[in-house]
Structure formats: structure tokens, C-alpha cells
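Inside the fold
Take a look at the letters that make up each chain.
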Amino acid sequence: MSTTADTNEPVLTGRGLVKRFGTTVALAGVDVAIGRTEAVAIMGPSGSGKSTLLHCLAGIMRPDSGEVHLLGQRIDTMGERGRSELRRTRFGFVFQFGQLLPELPADENVALPLMLGGVPRAKAVGEARRWFAPLGLDGLTARRPGELSGGQAQRVAIARALVTRPAVIFADEPTGALDQATGQETMRLLVEATKHNGASLVVVTHDPQVAAWCDRVLEMRDGRIIGSRYGTAAPSPQDPGHPAAPETTVRGRA
Amino acid sequence: MTGVLSLSWRLLRGAGRHGMLGTVLTAAAVTVSTALLLFTIAGNVAFLARADREAWRHPVEASGGAVAIQAVAQDFVEDEIITVVTIAPLDGAERSGVHPPGLTRMPRPGEVWLSPALAELARRLPDERLAGRFPGTVAGTIGDEALVHPDELVAVVGRAPDDPAVTRKPLYASSTVIGPTRVADFTGKHGEMLLGYRILTVIASVLMVVPLLVFGGAAARLTVARRDQRLAALRLVGATPGQVVLMTVAEAVIVAAGAAVLGLVLYVASMPLVARIELAGGPWFVSDLWPGLLPVAGVLLAVPLLVGVSAVAGLRRVVISPLGVAKRETPPGMRVIRLVALFAALAVVPLASRSTSVTVVAVVLALAFLALNLTGPWVVSVIGRITARVARGPAALLAGRRLVDDPRSAWRTIAGVALTGFIAGFTGLLTPSGGMLGSPSTTDLIVLAPAEQVRTVAGGARVRLARAGIEAKVRVSEPRADGRSRADVPQRARVIVELPETASTAQVDTARTALAGLVPGHVATSPMDEQRAAFILFADLRTGTLIVLAASFLVAIVSAGITASSSVLDRRQTYALLRLAGTPLEVLDRARRIETLVPLAVMGGGSLLAGMFCALPFVFATLSAGGAAILLVTIAVGFGGVIAADALSRPLLRAVTRNPAPRPD
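Let me sum up the structure you'll find in this document. (Residues numbered from 1 in each chain as written. Chains lettered and ligands numbered in written order. Predicted model: local features only at pLDDT ≥ 70, side-chain atom pairs only at ≥ 80, totals over all residues. Heavy atoms only, no water.)

Another aspect to go through is the overall build of chain A. When helices and strands are tallied, chain A shows seven helices and 10 strands. Among the 254 residues that make up chain A, the fraction classed as buried is 59%. Long-range pairs, those at least 24 residues apart, make up 67% of the contacts in chain A with a sequence separation of at least 6. When the accessible surface of chain A is split by element, carbon and sulfur atoms take 50% of a total near 9900 Å². (Helix = DSSP H or I, 4+ residues; strand = E, 2+ residues; numbered from the N terminus. Buried < 20%, exposed > 50% of the residue type's maximum accessible area, 1.4 Å probe, protein only. Contact = heavy atoms within 4.5 Å. Areas by Shrake-Rupley, 256 points an atom, 1.4 Å probe, with all protein chains shown as cover.)

Laid out in C-alpha cells, this is it:
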């Protein structure tokens, strides 16, 4: 079964993605398209292939067959170096935990991707600090990850993912290590900030409440997408009260 | 208790590939440490064994009834020293059953006993070069129990009690040339020379043991670091601090005990190789290098114990709070007091001098050494702060922050090499060059003679040389009371036999043989012969320095490799996630290099200077070419080794970051 988002201009598309690990088939022919500023959740039980799909879409893994395109450019055939650079410049990542370097203060953690891209340190740190207030991290620039709460650390990670102004943010269980309330708040900020910056979002999760924050939810089983629905459990992104509401309405419905 | 122990055994075995790797690294470290520790102990024991076997050649005057008259002299053949022991048995000697060690009975007048190496040489060389000096029947071979080393040249010459060789007062005496002495037995006493070697061995041991202990401690912490997360988890599910400590210690001790035994095997296996190292004139009996059952048992017990203690120290963090590991916080700054400790230790140094007792010197050295080790982390954290402040690129920034974050772990990586800098600095200054001794003549032979007989002796020399077909000029020095003259030494003069400067070793040996017995109890020696022992000592100092340096570097580089690998393992999750997010591995590698090499340059240089400073009171020459070479090679090997060790951990970094879904274990 294949599911394609009906958008004018998909940012990221995967076609016929197949991935095997030994005899295990992790992806059995998946088609997927992510629209501009669209937030897509990939759900499914353990072993359904959702993380593998994320890894293939993000250029972390190369599928055994199929194609991945970012804005029309094929990325699955690129070499390790090229994909690495792509991940650093065009994608942003938010993981469950442990992605911040414990030695660096928060602002330098956020500035790191910019510095890796060659931005001078002072400019990179200055740019990084601008992300703190909008994400509710006022006054925490000098804190080290160990001195931040789980929610704060995830918001720093969101800032780091967005600082390079990527096209797509990939989040793998971004709230997995957080309590319910903090998780909801983190998802709100993640979706809001991503859309606000014109980026698309792909979230892998098994938590329906997290998925509900997204525009579209893809259900996976045994390496296939078996269902696609629009997030309704949470306030609709169309609601005026929803934080992600402004300027992010360019989307068609199937 | 048993339950906890069996649980830790299961955890150890089920640690998974990464956990196993950590265990293997620790075991490797402990194995190398143990082997080197045994080597160090063996060095001390071996010199003692040599001194014991040589004691009979340092006769002690009998207080009561003597059984023999004994005299000791040195002769020379080719470039080797022959120890000639003259023994004249007195009445009833044979019935007393007393005999020199290595001989089956008391030698009789006219008999010669040769050591195996000397017997072989006497067979190989023409009689007029060597065998002619020992007239008489060869009665037997001197056994190993009377020889310092297997290649030693020793002759025991039996003479009658009224032979001039054992009745006349010696014209010259030293620690190796001993005039006729009436002895009641052949127990003797320890010689000065080997005592000197034992003192040098003690100093070398201190220089080697301190880094070994530091290394062993680092290795133990390494296991603990690996277990941090798991142990914190055990605490969270309610294990008591006592249980956690017991489990960790049990695990560390189990590994260390196995590794210590492996270290013993490694050492025993390398004993035949080690025995080939020539010191104090020759190689070793392999049996000399066995440290003895008790010391070995002690090491096998102490090593696991030390590792256990070190593990407990490393664990404190985890035990204090179950969240201690999960929460990473800004570590408290290092205190300047560490630097003060170093300067305090160094301040004592100028008070020392060459006459200071060895114990004091060893203690001061050990203190300076330990103080350096204490100062290391502080300096590293300062370097980190500076690096982080001036960093422009991500690699330098990362390196600087990491140094500030955990200066101790950064120090552990380089401590060995940096501390070896101390040893190099110390020994570099103390390495004398052979040039200091000049190049004494090998073709002038000097025979000491009683002043009033010097003309007769000179005449005799001319006749003997002519008969042997040796062309030489014989002249006589004026009798004089030179520096060596002592009240109990008769006035003497010298007969100088000048062979052509082109004379071959064979011709010189033939001349020596011709002159043998010319003055009873004395042999013809060249100025070079008189410096022979000094040359050997200097060569030994160089060999010793190289051994200490080689061992230190072995420890240092293995330790640098192990800590580099463990630091990769400890941070594998963050590294993997960074790599996923597109961070080039080169940046991480460069950060790791800066993190290692900058502190190494500062601390290695500092240790080198500290070592040179500590050597100042004992220096008897300016920096020699050999010493300078040692310093330069040290710096090159140190940096090269650490870079190589670091490079070896790069594939590991690649491997641990390849897994796209890293999970903590």
C-alpha cells in the first residue's frame, strides 16, 4: 500500500523504499511524500520499520532499493560524505536524549552546527542565542546539559536542529524521556517552531498524543504503511488557538 | 554476599561486546603492569643474587685459624676483564672441607680452575695469548654458583703458601684488586661495585613503579567508568551502596586477578629475552630473573587489591547519589594547591647532593613524581580554559570544553608519556658520555714494581718480550708517591712497556702473557684497562636509562591507547548522535587530538624540565650528546606514540558511531 500526500510541492519524497537487515525485512516498499511545512508522524509498534524509514529518508541509511528525493534532488545515491553534509545543512535532528554534548554550555551546543558549517564562533554563538527566548529558554544560555531539565534539554535540542534553517526536521521519539505534560509542551514548541521557520517535520513515535500534534499520521506494520490519517486528537492546526496556526495553512486534504 | 558476587560475575560475562572490550582493555593494562612490576622487582633481586655469588671474591680477614691465603686481581684479554683469584691452601685446609664456591674442593698449588667462558676462550686463543698466563694443570671448571654472570671470565689459581704472589704486600689495592688475605672460609662480603648497581636499580625502580601504579589505577577507573550507568541503574532499583561497591570491586578484582596471572606468564615467558640484556659486564642467568616465590605471591595479591581500591575510589560518585552519573554538572574547579604541592616537592631538591643517602633521594624523587601527577589535572584544566576561550573552530572549542569538564580523564591519557618526560629529563642529564673518559691508550702496558727493583723488572720484561717476539720499548718511571699511594702500600715505580700504536689486540695479549708473573701478584695493564670498569659502568647507565625509558614508554603508550579507546566508548552515544546529525568524524577526531596533544606538549615539557631540575644536584657533567639524544628521542617517541595510540582508537570511533540507533547499555 502506498500513501502520497496531496501537496503542491513535496519537499521530501521516498519511492518504493526497501530495506533488509539479514533476513528481516524492515521496509517492504514504502512510498511517502512530505509537504512543505507539513508535520508528519510515523506510528507503529516496535519493529514495524518506522525508525528505518526515518533513517532512509534522512540519508542516515541507504535503502536497498527505491529512491529518496529532497526538493527534486536524489539523495539516497550520494556518498557518505555528501549525505553527512546534507544532514548537517538541510536536515535537523531531535532525538530522545543524549544528543547534547555534556561539556558544552547550551548556547555552544546550539551554535555547534553553525560552527561546523564554517560560521565564526562569535557570530555562531550570537545567532544561537537568538533561539533561546522564543523557545522559553531565557537565561539558560550558559547552563550545561546536566544542569537543564529534560524538557529544557529537548528545547535546546530543537534550537540546535533549527539553527541551520533546515528544510526538514527529523524527530525520533522526541518526548520519549519526558513526562506527559512536558512532552506535550515540547511537541507544541517543536511543531510551532518548525512551521514558523518554514521547515517540514517528520516525527517517529508510538505515542498517539504526540502524533496528534502532527498534520498527518502514517501507520506502519511490518515494513509497510497501512494507513494514513490527519491528526485530529489534538486541537486542529486550523484552530485559531493552535500555536501552529498562523501562516501554515497551505495544505490540501485527501 | 555470595548472591551479589555471582550476580557481578554474571554481569561481567554478559556485559556485551562493548562491555567486554572495556574489560579486555583493563585486563591488558593490568597484564602489562604486572609483568613490568615483576621485572622491576626482579632487577633488584637479580643484582642481589649476583652480589651474593660474587661475595667470595671479597675476602674477609680471618680472626682465628685461617685455611687459606686469598688474593684477587684483574687481568685482561681482548676487551674483557678476567678476575683472577689466587688461593694458597694452608695446612689442613683440605681436611677442613672448606673450599671456594663453584669448586668441588680446595685448589692445590699448581692447579688452575677456569670458568666455562674462560675455558672456552683459552681453547680458542693461542696459548701465548691467554692460556700461557695460567701455568699448571687445569683441575676443573668453576660452577655457575660462583659466577656473576654466565659469560664471566674467572680463573682460580692454586699456589703454595710461600709463593711470592701470596706473601708480598700488594703494590696497589682497590675494590677489585685485593692483596693476600688470610681467610677462614670463602663467605666473603658484598663488593662495592654491585652495591652501587643495586642503588641505581632502586632509583630505576622508583621511576618505573610510580607510573605503573598510576597506570594501574587508571585502568581500574576505566572499568568503573564503563559500569557507571549500569551501577547507577542498580542503585535506582534499590541496591545498597555496600552491594554496589562490592559488585564493582568484585568485578574489577576478578579481572585484575586473572590479568595479574597473565602478567606473570608474560614475564616468565620473556625472562630468556630479558636475560640477554648485558649489565655490569654481561648477561644474566635466567634463574636470577625469577623474583622469588614470596615477591611473586605478593604481586599477585597486591595488584588485584590495588585495582580494587582504585575501583572503590572511582565509584564514590555513583554511590553518593543514584543520580550522580545521570546528571552531569559543571565540575568544581581544580585547586591551585596542587601546583603548590609540586613546588614544595621540587624545593627540597636543591638541598640534596651526591652525598645524600639513596633513601632520601628515592623519596624525594618519588614525591616530585607524585606531585607532578597531582599537578597534571590542574594544569590540564587551565589549558582547557585557555583553549576554550581562544578557540575559533568547533574542534578546538570541543577539546577545550572537554578538558575543563574532565581534566582527570584527559590527564590519564597523557600522564604516562608526560611522566616519562620526567624520567627522560632526569636520566638525560645524568647520562655521561664515553668521551668524558677520553680514549686511553690500549698499547701501553704498565707493570707496577717495588721501587728498588724497578730496573731488574724492566730488564726481565725486555727478555720476556724478546723471547715472545714482541717489539716494544721498555722504560721506567721515577719512583713517586702518586695519588693512589697509601701508607700500607710499599713505595713503587712503574715499568712502562710501549708497544707500537699499530699493535694488534693479539700482540697486546701476547705481551700480557709474556709479562705474566713478572711481578708476583701483579699483571700488566694498559691505561684503557684501568678505565675498563668505568666504561662498563657508563655503558650500563645508558642501558639502564634506555630500559627505564622503554618500559615507561610501553606503559605510557599502552595507557594512552587504552584511555583513548575508553573515552570513545564512554561517549559513544553522543558521538553516534552527532554523526547522525551530520557532524564529520574528522571534527571529532581533531577535537580528540587537540585534547591530547596540547596538554601533552605542556605537561610533557614541564615534566622534562622538572626531571632535569631534580637531576641537577647529581650531575657530574654537562648535558652529553648521549643525554641530548635521549631527550630528543623521548620527545619524538612520546608524541609519536600518543598520536599512534590515538589513531588506533579511530576505527573504534568509526565502529561505535556506525550503529544508527545507539542505546546506552
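This paragraph deals with the packing of helix H3 (residues 106-116) of chain A against helix H5 (residues 150-162) of chain A. Residues and elements named next belong to chain A. The interhelical angle for the contact between H3 and H5, taken along N-to-C directions, is 25°, at an axis separation of 7 Å. As judged from the angle between their axes, H3 and H5 are roughly parallel. For the pair H3 and H5, the sense of crossing is right-handed. Two secondary-structure elements touch here, H3 through Ala106, Asn109, Val110 and Pro113 and H5 through Val156, Ala159 and Arg160. Broken down by class, the residue content of the contact of H3 with H5 amounts to five nonpolar, one polar and one charged. (Axes fitted to C-alpha atoms, helices over the stretch in contact; angles between N-to-C directions. Parallel < 35°, antiparallel > 145°, perpendicular 65-115°, else oblique. Left-handed = near helix turned anticlockwise from the far one by under 90°. Nonpolar A, V, L, I, M, F, W, Y, C, P; charged D, E, K, R; others polar.)

Once that is clear, we can look at the nonpolar core. Counting 90 residues, the largest nonpolar core has Leu207(B), Tyr267(B), Leu289(B), Trp411(B), Phe422(B), Phe426(B) and Cys614(B) as its most contacted members. Beyond its immediate chain neighbours, meaning those up to four positions away, Leu289(B) contacts Ala42(B), Ala46(B), Tyr267(B), Met271(B), Val274(B), Ala275(B) and Trp284(B). Met43(A), Val191(A), Cys214(A) and Leu585(B) belong to the second largest nonpolar core, which has 62 residues in total. (Core = buried A, V, L, I, M, F, W, Y, C linked by side-chain atoms within 4.5 Å.)

To continue, consider helix H16 (residues 572-580) of chain B. Residue and element names in this part refer to chain B. Among the nine residues of H16, nine are classified as buried, and the element is accordingly described as predominantly covered. Taken residue by residue, H16 has Arg572, Gln573, Thr574, Tyr575, Ala576, Leu577, Leu578, Arg579 and Leu580 as its buried positions. Looking at the residues trailing H16, positive phi occurs at glycine 582, about 95°.

To continue, consider the interface of chain A and chain B. On the chain B side, the residues contacting the 29 residues of chain A number 33 residues. Together chain A and chain B conceal approximately 2700 Å² of surface at their shared face, both sides included; 59% is due to carbon and sulfur atoms. Among the residues chain A hides against chain B, the three largest losses belong to Glu103(A), Arg121(A) and Arg144(A). Together they make up 23% of the total. One can count four salt bridges joining chain A with chain B. The partner of Arg401(B) in a salt bridge is Glu108(A), with the nearest N and O atoms 2.4 Å apart. At the junction of chain A with chain B, the criterion picks out 11 residue pairs in polar contact (both at pLDDT 80 or more). (Buried area = accessible area lost by both parts, 1.4 Å probe. Salt bridge = Lys/Arg side-chain N within 4 Å of Asp/Glu carboxyl O. Polar contact = N/O pair within 3.5 Å; in protein donor to acceptor, adjacent residues only side chain to side chain.)

Moving on, we get to H3(A). A large share of H3(A) lies buried, amounting to 11 of its 11 residues. Those residues of H3(A) not exposed but buried are Ala106(A), Asp107(A), Glu108(A), Asn109(A), Val110(A), Ala111(A), Leu112(A), Pro113(A), Leu114(A), Met115(A) and Leu116(A). Buried residues in H3(A) make contact with helix H2 (80-89), helix H4 (121-129) and H5 of chain A together with helix H11 (394-405), H16 and helix H17 (585-615) of chain B. In the stretch just after H3(A), Gly118(A) is the one whose phi turns positive, near 100°.

Quick look at the pairing of strand S3 (residues 39-43) of chain A now. Residues and elements named next belong to chain A. The element S3 is extensively covered by neighbouring structure, given that five of its five residues are classed as buried. Here S3 shows a buried face lined by Ala39, Ala41 and Met43 and a second buried face lined by Val40 and Ile42. Sheet topology note: the S3/strand S8 (residues 200-205) ladder contains five bridges and is parallel. In the strand pairing of S8, isoleucine 42 is matched with valine 204. (Pairing = 2+ DSSP bridges.)

Our next topic: the packing of aromatic side chains. Residue and element names in this part refer to chain B. Applying the stated criterion across every chain, the model contains five aromatic pairs over all chains. Judged by centre distance (5.4 Å) and plane angle (10°), the rings of phenylalanine 47 and tyrosine 197 are stacked. Of the two residues, phenylalanine 47 sits in helix H2 (residues 16-54) while tyrosine 197 sits in helix H6 (residues 192-236), which places them 150 residues apart along the sequence. According to the relative accessible area criterion, phenylalanine 47 is buried, its value standing at 4%. Here phenylalanine 47 and tryptophan 284 contribute two aromatic rings whose centre-to-centre distance is 5.0 Å and whose plane-to-plane angle is 85°, an arrangement assigned as edge-to-face. In this pair, phenylalanine 47 is assigned in helix H2 and tryptophan 284 in the loop between helix H7 (241-274) and helix H8 (293-320), connecting sequence segments 237 residues apart. One residue, arginine 50, lies across the ring of tryptophan 284, its end atom 3.5 Å from the ring centre. (Phe/Tyr/Trp six-rings, centres within 6.5 Å; stacked < 30°, edge-to-face > 60°. Lys NZ or Arg CZ within 6 Å of the ring centre and 35° of its normal.)

Residue and element names in this part refer to chain B. In this structure, aspartate 151 sits in the loop between strand S4 (137-141) and strand S5 (153-158). For the pair formed by aspartate 151 and phenylalanine 285, sequence separation is 134 residues and the distance between their alpha carbons is 9.5 Å. Among residues more than four places away in sequence, those in contact with aspartate 151 are Ala117 and Pro283.

Looking now at the pattern of salt bridges. Residues and elements named next belong to chain B. In total, this model carries 39 salt bridges over all chains according to the counting rule given. Two residues, arginine 108 and glutamate 111, come together in a salt bridge whose shortest N-O distance is 4.0 Å. Glutamate 111 gets classed as buried once you look at its relative accessible area, which sits at 7%. The closest approach of N and O atoms between lysine 473 and glutamate 498, which form a salt bridge, is 3.6 Å.

Here Thr52(A) lies in helix H1 (residues 50-57). With residues near it in sequence (within four places) discarded, Thr52(A) still touches Lys19(A), Phe21(A), Ala26(A), Leu27(A) and Met61(A).

Attention now moves to the state of the cysteines. Residues and elements named next belong to chain A. In total, this model carries zero disulfides over all chains according to the counting rule given. No disulfide involves cysteine 56; its sulfur sits 20 Å from the nearest other cysteine sulfur, which is in cysteine 214. Residue cysteine 56 is classed as buried on the basis of its relative accessible area of 2%. (Disulfide = S-S within 2.5 Å.)

Residues and elements named next belong to chain A. Strand order in the open sheet formed by six strands is S6-S7-S8-S3-S9-S10, with mixed pairing between adjacent strands. Edge strands, defined here as strands with exactly one partner in the open sheet, are strand S6 (91-94) and strand S10 (224-230). In this sheet, neighbouring strand axes are inclined to one another by 20° on average, regardless of whether the strands run parallel or antiparallel. Sheet strands touched by H5: S6 and strand S7 (168-172). Its angle to S6, the strand with the most contacts, is close to 170°. In the packing of helix H6 (residues 180-196) onto the sheet, contacts are made with S3, S6, S7 and S8, and the angle to S8 comes to roughly 155°.

All names here are of chain A. By secondary structure assignment, the location of glutamate 219 is in strand S9 (residues 216-221). For glutamate 219, a relative accessible area of 19% puts it in the buried group. At 3.5 Å, the side chain of glutamate 219 forms a polar contact with the side chain of arginine 229.

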